[in-house]
Amino acid sequence: MSNSIKLAILGLGTVGTGVINLINDNLDELKRRSGRDIIITEVGTRRQRDDIDPDIMQNSDLMAIAASDNVDIVIEVIGGTTLAKDVIMHAIKNGKHVVTANKALLAEHGNEIFAFAEANNVHVAYEAAVAGGIPIIKVMREALAANKINWLAGIINGTGNFIMTEMRDKGRPFADVLSEAQELGYAEADPTFDVEGIDAAHKLALLASIAFGIPLQFDKVYCEGITGITLQDVNYAEELGYRIKHLGFAVRRDSGGSNGDDAGIELRVHPTLIPQDALLANVNGVKNAVLVNSHPLGQTLYCGDGAGAGATASAVMADVMDLVRVLGSKDNDDQSNSNQNNHGHHVPHLAFIPEQLSDTPILRAEQMITGYYLRVHAFDNPGVLADITRILSDAGINIDAILQKPAHKLGQVPVIILTLPVVESQMNLAIEKIEKLNTITDKVVRIRLDELA
Ligand code: HSE
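Our subject in this report is the structure included herewith. Computed from a prediction, not measured in an experiment: that's the story for all the values here.

## Points about the site of the ligand
Okay, step 1: Surrounding the ligand, one finds Lys103, Asn157, Gly158, Thr159, Tyr186, Ala187, Glu188, Asp194, Asp199, Lys203, Gly306 and Ala307.
Okay, step 2: Residue lysine 103 places a side-chain N or O atom 2.6 Å away from an oxygen atom belonging to the ligand.
Okay, step 3: Measuring from an oxygen atom of the ligand, one finds a backbone N or O atom of glycine 158 at 2.7 Å.
Okay, step 4: Considering the ligand on its own, with 260 Å² of exposed area, one finds that the protein chains cover 94% of that surface.
Okay, step 5: The cavity that encloses the ligand is the largest pocket.
Okay, step 6: Taken together, the elements giving at least two residues each to the shell around the ligand come down to helix 6 (158–170) and helix 9 (198–212).
Okay, step 7: When grouped by side-chain class, the residues that make up the shell around the ligand number 3 nonpolar, 4 polar and 5 charged.

Below is the structure:
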């Protein structure tokens, strides 16, 4: 076997440990597929670990590892957006290829990082940053390269999907399921990122850039998490034939429609009612799934474990294998120095040639179009329902279904209304008017409903 590819792993948490285990388990497969020995030469860890092979150098100085002559590929799995950024930029400056699972870093600083990598003739690979073990980055960047993407919708946070599934199927309390997700290594270091939708928004920003050839614009992703979802709403939705999933949507709206809607791209992450028989409605537990609608291919679905050591390590090592090929064979190395890589086959970081990225606007929340689930609490008086439906009809909002439960002891009735798609600004006005009715007892609960998925 030809000379070795030398890896450094920065961070020995769930993912770093998963990568070491994967290499130990599948070394023969990796060698047979790449034609090279793949060895870990250095690991970055704050404290010395006695469970690490003594041939691997342990170092707490990550900047030194990023510049080490004994490293070809730097795997960054420390997370965060400060030290991780410094280390990655240093590795790039020193001519190292980088593999990272860090969606927060790329969503927020990816434009700068990718440009710096291009300028230094190295690659930053990030399959593990989106949807865990599902090879969605490779699919979007390579397999769908001939298609125009119309929209994509996905369950892209494993922790959130795990929580929603356990709440619905077993009636378990939110906090209890979140603790289990943390124990299983699914959750982010700060689980607020999972439950408030921030992690999904990071991933959606990456997917949307690849899908539409736009720069990364995490700050323009509309983001809602799952913390406000109650079992009551989960059950009402089920009663009406829908399921609540936490989804990310990236939707191209090419031209203004009859609703007076605007052209641009919708980037939104939020709990969503989808029909119970929709494909995504049946993706449960820690599974992620991304549904892509493209022309001329049509609809394709990609599904698998979205978090956890094995799934993420699988994606990290797929990137390493790609980079091993970029680094070339031993013969190439002998004929030239290590900067003469096989870059001819390199796909641009965001799939489109950087100079060709488009300035298509990202739509504001008020411009977005979805259906709605509304839960309105009203006194059990004659004419209340008529008042609510009149406000909706005056706003041009079409009611698709309505469910009124019997008044409980306080004489209040929960009224559940499902609407057809409407521009959000219209719905905001209607809700404002409903909340002003003196027969309404609480704020209106609203959850988006989308039949796309
Ligand atoms: N916390 C993330 C999730 C890990 O639950 O999906 C994978 O990105």
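## Some remarks on unusual backbone geometry
Working note: non-glycine residues mostly have negative phi, and peptide bonds are mostly trans.
Okay, step 1: Backbone torsion omega between histidine 295 and proline 296 reads 5 degrees, so that peptide bond is classified as cis.
Okay, step 2: The backbone of asparagine 121 sits at a positive phi, close to 60 degrees, despite the residue not being glycine.
Okay, step 3: Mapped onto the elements, asparagine 121 comes out in the loop between helix 4 (103–119) and strand 6 (124–125).
Okay, step 4: A positive phi angle, close to 75 degrees, is found at alanine 351, a residue other than glycine.

## A word on the layout of surface pockets
Okay, step 1: Approximately 1100 Å³ is the volume attributed to the largest pocket.
Okay, step 2: Every residue lining the largest pocket is counted, 43 residues in all, and those nearest its centre are Gly13, Val77, Ile78, Gly79 and Ala189.
Okay, step 3: If you list the elements that add at least two residues to the lining of the largest pocket, you get helix 1 (14–34), helix 4, helix 6, helix 8 (192–195) and helix 9.
Okay, step 4: Ranked by residues supplied to the lining of the largest pocket, first place goes to helix 1 with 3 residues.
Okay, step 5: If you count residues domain by domain, the lining of the largest pocket takes at least three from each of domain 1 (4–135 + 309–355) and domain 2 (138–305).
Okay, step 6: The computed volume of the second largest pocket comes to approximately 410 Å³.
Okay, step 7: Lining the second largest pocket are 20 residues; nearest its centre among them are Lys138, Arg141, Glu142, Asp322 and Val326.
Okay, step 8: At the level of elements, strand 6, helix 5 (136–143) and helix 11 (309–327) are the ones that each hand at least two residues to the lining of the second largest pocket.

The rules behind each value
Residues numbered from 1 in each chain as written. Predicted model: local features only at pLDDT ≥ 70, side-chain atom pairs only at ≥ 80, totals over all residues. Heavy atoms only, no water. Near = heavy atom within 4 Å. Polar contact = N/O pair within 3.5 Å; in protein donor to acceptor, adjacent residues only side chain to side chain. Areas by Shrake-Rupley, 256 points an atom, 1.4 Å probe, with all protein chains shown as cover. 1 Å grid on protein atoms, 1.4 Å probe; cavity = no way out; pocket = protein on both sides within 12 Å on 5 of 7 lines; lining within 4 Å. Sits in = over half its atoms within 2 Å of the grid points. Helix = DSSP H or I, 4+ residues; strand = E, 2+ residues; numbered from the N terminus. Nonpolar A, V, L, I, M, F, W, Y, C, P; charged D, E, K, R; others polar. Points joined across faces, edges and corners; volume = space filled by probe spheres on them. Domains from an automatic or database assignment.

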